[in-house]
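The residues making up each chain are set out below.
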Amino acid sequence: MYKFHDGLYTDVRIENTFESNIEVTNERLDNMKENDYSGAFIRIFDGKKWFYSSLNDISKIQEEIDSLSKLASKDMNINDNPIVKKLQSNKEKISFYKDNSVRDISIEKKLSDLSSCFEILKSYDLITLWKANYMDLNIHKEFYSSKGSNLSFDYQKVGFRFGWNLSFKDEKLSEIFDGSDNFYSIMSFKKDDLIKKIDQSIDFIKNSKNIKPGKYTVVLSPLAAGIFAHESFGHKSEADFMIGDEKMKKEWKLGKKVGSSILSIVDDGNEKGNGFVPFDDEGNRAHKTYLIKNGILSGRLHSSTTAADLEEETTGNARALDFEYEPIVRMTNTYIEPGKLSFEELISDIKEGIFIDSISHGSGMSTFTMAPNMSYLIKDGKIAEPVKISVVTGNVFETLNLIENVSKEFKLLSFSMGGCGKLEQMPLPVGFGGPYVRVKELNVQ
């Protein structure tokens, strides 16, 4: 399709993107728009340096390849370069969303489906402000390389979010009801689930008490467990953090015991959801990677460059935010694997502990911090009254060893808004989740 120059590795990533966004605040339509645009990212490697270019006019791709090639020094053994050896040459044409594309649904239909919940939000006196959002994204990608890659596939995400602010006496609380999937059918969610979440938040603001600070046995919901896996462990598993850092390489030596034997953490771009990427932006196939398996450090996430540097295999984790950016090492779907106990069995012998249901944010590398939104006491093996918690903290490696058990109930979650941030590339769609996770001892304030 394109003429690639001898003595150089070249790849071309072409993207056609369709997206729509709707935003409503207290019934006021703030935003309602669609975009449809194309662009391409070109990379050339001469064995010493990468040369990049992105452009909106895809008719000029060959012209840009020729121009970039003049900047590089030819190496007639380029295919023997360790980095080039790691780049796969996949050939496949797949359309996952040909018959279910959001491009074929009018934006008026999308607004109508979103607005079907407005009366619910208006009916609560304690809600002082509410927002409703709809967003979708459909990308058709093509990938060609001088090693023979010839890929054509699509990506799609659809999501909604309802957020509300509550006010009761001197108390304030914000909560959300959010859903995202690869298909528009996510918009057929149960209205009763929205009502249940609003009712739960109202009960929380009316009845929650301050927690007595201290160390507690803590049970994390799939949401909290997924954020812990993503923020506190997933980022440290991205191999570009280790390049040139001998201390980091030693700390993250594969085969090292780092957690409880009940714990396994996985990253897998083959799982459906926001992190579903069958091929990464170097054309390498998605791979199920155990970061931790049965408590043992088992793998890390790679681009072709990091895989060559650390003499490991690629994992399909070289991702770019869009055609304006180079691919860097990123997560896809990161989750803790489930166990065998039911949630009831998991908490049955806890005399006094904490259940973290929803959280507002989490962050951390060596030490993690989690800010719960709605939490509950566990008393004598049962969920009891709601409690207000400012923050839960812990050392990541110590916490991995304090995990006592995990439930068989499991959720892999995707969210409509936000995403993962790294360098200047954000928000990148990812998925995360896990089972209910019981941790022996965490600092709660």
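Note that the structure is predicted; figures quoted are calculated from it, not measured.

## A closer look at the pattern of salt bridges
Opposite charge on two side chains makes pairing possible when the charged atoms of those side chains draw close.
Stage number 1. With the rule as written, the count across this model stands at 27 salt bridges.
Stage number 2. We note a salt bridge from Lys388 to Glu171, for which the minimum N-O separation is 3.2 Å. Taken together, the positions of Lys388 in strand 18 (residues 382–388) and Glu171 in strand 7 (residues 171–181) put the pair 217 residues apart, joining distant regions of the chain.
Stage number 3. Among the residues examined, Lys388 registers a relative accessible area of 24% and is labelled partly exposed.
Stage number 4. What emerges from the salt-bridge pattern is a single network uniting Arg13, Glu15, Lys141 and Asp281.

## Section: the nonpolar core
Most often, soluble globular proteins have nonpolar side chains that are buried together.
Stage number 1. In this structure, Leu220 and Ile354 are the most contacted members of the largest nonpolar core, which totals 46 residues.
Stage number 2. Of all elements in the fold, only strand 9 (214–220), helix 6 (222–234), strand 11 (288–293), strand 16 (352–364), strand 17 (367–379), helix 10 (396–401), strand 20 (403–413) and strand 23 (431–444) reach the threshold of two or more residues within this core.
Stage number 3. Of the residues forming this core, the biggest block, seven residues, is contributed by helix 6.
Stage number 4. In this structure, Ile354 is in contact with Ile211, Tyr216, Thr217, Val218, Val219, Ser375, Tyr376, Leu377, Ile378, Val387 and Ile389, ignoring residues within four places of it in sequence.
Stage number 5. If you look at the next biggest cluster of nonpolar residues, it comprises 43 residues, including Phe118, Ile186, Leu346 and Tyr436.

## Overview of the UniProt feature "domain: Metalloprotease TldD/E C-terminal" (unreviewed entry) in the protein
Stage number 1. Per the UniProt record, "domain: Metalloprotease TldD/E C-terminal" (unreviewed entry) is found at residues 213–444.
Stage number 2. Along residues 213–444 one finds 16% helix and 41% strand; the C-alpha atoms at either end are 6 Å apart.

## Focus on unusual backbone geometry
Most of the time, phi is negative for any residue but glycine, and the peptide bond is trans.
Stage number 1. The linkage connecting Met426 with the following residue, Pro427, adopts the cis geometry, with an omega of 5°.
Stage number 2. Inspection of the secondary structure puts Pro427 in strand 22 (residues 425–428).
Stage number 3. Despite not being glycine, Asp380 has its phi angle at roughly 50°, a positive value.
Stage number 4. Structurally, Asp380 is set in the loop between strand 17 and strand 18.
Stage number 5. Using a relative accessible area of 56% as the deciding quantity, one classes Asp380 as exposed.

## Observations regarding the environment of Phe41
Stage number 1. If you trace the backbone, Phe41 turns up in strand 2 (residues 28–45).
Stage number 2. The class of Phe41 is buried, set by a relative accessible area of 5%.
Stage number 3. It is 36 Å that separates the C-alpha atoms of Phe41 and Phe368, two residues lying 327 residues apart in sequence.
Stage number 4. In this structure Phe41 touches Asp11, Val12, Arg13, Tyr52, Ser53, Ser54, Phe323, Glu324, Tyr325, Glu326 and Pro327, once residues within four positions along its chain are discounted.

Thresholds, definitions, all that
Residues numbered from 1 in each chain as written. Predicted model: local features only at pLDDT ≥ 70, side-chain atom pairs only at ≥ 80, totals over all residues. Heavy atoms only, no water. Salt bridge = Lys/Arg side-chain N within 4 Å of Asp/Glu carboxyl O. Helix = DSSP H or I, 4+ residues; strand = E, 2+ residues; numbered from the N terminus. Buried < 20%, exposed > 50% of the residue type's maximum accessible area, 1.4 Å probe, protein only. Core = buried A, V, L, I, M, F, W, Y, C linked by side-chain atoms within 4.5 Å. Contact = heavy atoms within 4.5 Å. UniProt positions renumbered as here; feature names shortened; annotations may be inferred.

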